[in-house]
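In case you want the letters, here they are:
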Amino acid sequence: MTTTRTTTILSAFSHLTSRHHHQVHRRISSSSSNRKMNSPLNRQISDSISGNDNFNLKLVSSSASSSQVGEATDSLRTVFEKLRRPYNPYPLVGWNRHIETIFAAFFRSLPGIRFRRECLRTADDGVVSLDWVCGDDTEIPIDAPVLILLPGLTGGSGDTYVQHMLARARRLRWRVVVFNSRGCGGSPVVTPQFYSASFTGDTREVVKHVYTRYPNSNLYAVGWSLGANILVRYLGEEAENCLLSGGVSLCNPFNLIIADEDFRKGFNNIYDKALARSLTKIFKKHALLFEDIGGEYDIKLAANAKTVKEFDEGLTRVSFGFNSAEHYYSSSSSSDSIKYVRRPLLCIQVDALAENDPIAPSRGIPYEDIKENPNCLLIVTPKGGHLGWVAGDEAPFGAPWTDPIVMEFLQHIEDPAPASWNSCVTSDDADHSGNGLHKIGV
C-alpha cells in the first residue's frame, strides 16, 4: 500500500495551553490571555515566531519521509496522537475524490443514535430543532462539556458523519446536541424563511440557549461544509464575546464565489444537481408559506431549481436581502471572518495541491489570515474527497479519519493537562535546520 503523508499547514496556536474556566463564564479576558501567552510553551512558540518569518506557514511535501513544520506542531504532537501516523487512504476508495465522496455518502455505517428532539422558537418566530441523545440527562454529568454539531447543506442528525462524531464524543462523556437548521433533518419550517450561509442568528440563539441550560459547562461546536462556514462566521462575529470555548471547521468552502465556480465544472455538476434536488424537496414541503409573497422572489425558479445557484437566486438571496446570488456568496464567505476569530479554531481541509475536495476547493482557503491568527490551526490532508476521509482504523465503513483528531483537539482545550507539556519541545527532540524549523513525522 502506498503511504501518503499528511500535508499540514500550521499557525502558532496560542490558546491551547490554558483552559477556559467556568468561573469566568468561558469568556477570555485580556488579562487571562496575557497569562496564557506567558506560559513556558507559549513563550517557546512566541520566540520561534519572532525569530522566523516562515514559522507560521510551512507546506509539507506529501512524498517526504518526514515533514518540515514549525515548532507549534512539535508542541502539539502529544495532542494530535493520530498525526504521528501516516495518512493512508483506503485502497480503491481513496484514489479518486469522487469515488471517496460518493462512497462515504452512501456506504458509511450509521451508528443508529436515539434522539430526543427539542424545537426551539427563534426571535423571528421561526423554528430550529435540537436533537439531544436519549438518556444523556441521567448518564452524563451536569457539568460535562457540551458539543454542538452543525451539519452541512440540507444535512441533519440522521447523517452518518454527524452520528459518528456524536458517538465518539459521547464515549468520552461529552454531552452532544445536533443543531438541525430550518427545514433540515425534519425540522419544521413555520415562516417564509429557510437558512443561509450568511445567517448566524439561529446559531447565536442556539448557543445562548444551550449556554443557559448548562451554565457550568464549557461549550464547543463542530461544523461541516456549509455548517462550518456558518460556524466560522459566528466565531468571527462574536470575537471576544463568543460563548463557545472552541470550534472545529471541516471541509469548509470558505470562499463561496470560488466554490460556486467549481460547482459547475465537469463531474461536480452531479453534486450541484443533487444538492439542488434536496433544497427543492424541502422547499416544496413548505411552498404554501411562500404563496403570493411578492417582491423579488422567483418561486417558480426556486421550486424547479436544477442548481444550487438557481435556488439561491430565486429564494435565498431575496430572503436575506442580497441583490443577486453573487452578492450573497461574496457577502457570506467565512474566509473574511477568520481574522476576527478569538477562540481556538481547528480547520481541516482536503488537498492543497490537486483540488481533491470537489465541493470545498482548497484555493478558497484563507491561508494568510489563518497564518496570522494565533487562534487558528489548519490541517490539510492529501486525500479525502468531500466529507469522506475514508482512512484510518475504522475505514472503510466506520468513522472518518478526522474524528479522533477533532476530539483530541477539543479534549485538550477542555483539559490541557499542562504537566504533560513540560518536555514537549526540547532540543533533543528537534532536528533543527538553518531556518529554525525542525522535522517531525506526521
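Parameters and conventions
Residues numbered from 1 in each chain as written. Predicted model: local features only at pLDDT ≥ 70, side-chain atom pairs only at ≥ 80, totals over all residues. Heavy atoms only, no water. Helix = DSSP H or I, 4+ residues; strand = E, 2+ residues; numbered from the N terminus. Buried < 20%, exposed > 50% of the residue type's maximum accessible area, 1.4 Å probe, protein only. Contact = heavy atoms within 4.5 Å. Areas by Shrake-Rupley, 256 points an atom, 1.4 Å probe, with all protein chains shown as cover. Polar contact = N/O pair within 3.5 Å; in protein donor to acceptor, adjacent residues only side chain to side chain. pLDDT = per-residue confidence, 0-100. Axes fitted to C-alpha atoms, helices over the stretch in contact; angles between N-to-C directions. Parallel < 35°, antiparallel > 145°, perpendicular 65-115°, else oblique. Nonpolar A, V, L, I, M, F, W, Y, C, P; charged D, E, K, R; others polar. Phe/Tyr/Trp six-rings, centres within 6.5 Å; stacked < 30°, edge-to-face > 60°. Salt bridge = Lys/Arg side-chain N within 4 Å of Asp/Glu carboxyl O.

1. Side note on the overall build of the protein
Check the secondary structure of the protein and you find 15 helices and eleven strands. Within the protein, the fraction of its 442 residues that count as buried is 59%. A separation threshold of at least 6 residues defines the contact pool for the protein, and within that pool the share at least 24 residues apart is 79%. By element, 52% of the accessible surface of the protein is carried by carbon and sulfur atoms, the whole surface being about 17500 Å².

2. What to know about the side chain of Asp 136
Secondary-structure assignment places Asp 136 in helix H5 (residues 136-139). Overall, Asp 136 belongs to the buried group, its relative accessible area being 2%. Reaching out from Asp 136, the side chain makes a polar contact with the side chain of Arg 170 at a distance of 2.5 Å. Those residues in contact with Asp 136 that lie beyond four places of it in its chain are Arg 170, Arg 175 and Val 176.

3. With respect to the confidence of the model for the protein
The predicted coordinates ought not to be read in detail in places where the model reports low pLDDT. Chain-level pLDDT for the protein is 80 on average; 74% of the residues reach the 70-or-more range. Segment residues 1-75: pLDDT under 50, and 201 contacts once partners within four positions in sequence are set aside and those in other chains are kept. Per-residue pLDDT stays below 50 along residues 418-442; that stretch engages in 64 contacts with residues further than four places along the chain or on separate chains.

4. Section: the packing of helix H12 (residues 308-319) against helix H13 (residues 325-332)
Helices that pack against each other are described as a pair by the angle of their axes relative to one another and the distance between those axes. Packing of H12 against H13 leaves a shortest axis separation of 9 Å and a crossing angle of 90°. Taken together, H12 and H13 sit at an angle that is classed as roughly perpendicular. In contact with Val 308, Lys 309, Asp 312, Glu 313, Thr 316 and Arg 317 of H12, H13 contributes Ala 325, Glu 326, Tyr 328 and Tyr 329. Residue composition of the contact of H12 with H13, grouped by class: four nonpolar, one polar and five charged.

5. Things to note about the packing of aromatic side chains
Within the structure shown, the criterion is met by 15 aromatic pairs. For the pair Phe 199 and Phe 320, a centre-to-centre distance of 5.4 Å together with 40° between the ring planes defines the contact as tilted. In this pair, Phe 199 is assigned in the loop between strand S6 (175-180) and helix H7 (201-213) and Phe 320 in the loop between H12 and H13, connecting sequence segments 121 residues apart. Judged by relative accessible area, Phe 199 falls into the partly exposed class, the value being 23%. Using a relative accessible area of 17% as the deciding quantity, one classes Phe 320 as buried. Through a chain of ring-to-ring contacts, the aromatic side chains of Phe 194, Phe 283, Phe 290, Tyr 297 and Phe 311 assemble into a single cluster.

6. Focus: the pattern of salt bridges
The tally for this structure, following the rule as stated, stands at 21 salt bridges. When the shortest N-O distance is used, the salt bridge between Arg 117 and Asp 131 registers 2.7 Å. Placement of the pair is Arg 117 in strand S3 (residues 115-121) and Asp 131 in strand S4 (residues 127-133), with a sequence separation of 14 residues. Overall, Arg 117 belongs to the partly exposed group, its relative accessible area being 34%. The exposure class assigned to Asp 131 is buried, which follows from its relative accessible area of 2%. Taken together, the shared-partner salt bridges in this structure form one network comprising Arg 204, Arg 233, Glu 237 and Glu 238.

7. Here's the deal with the packing of H7 against helix H8 (residues 226-238)
In the contact formed by H7 and H8, the axes pass within 10 Å of each other and the chain directions differ by 75°. In terms of orientation, H7 and H8 fall into the roughly perpendicular class. Contacts between H7 and H8 pair Thr 203, Arg 204 and Val 207 from the former with Ile 230, Tyr 234, Glu 237 and Glu 238 from the latter. Residue composition of the contact of H7 with H8, by class: three nonpolar, one polar and three charged.

8. Thoughts on helix H4 (residues 97-107)
Of all the residues in H4, the buried ones are His 98, Glu 100, Thr 101, Phe 103 and Ala 104. Against helix H6 (160-171) and helix H10 (269-285) lie the buried residues of H4. Sitting at the head of H4, Asn 96 places a side-chain oxygen 2.8 Å from the backbone nitrogen of His 98.

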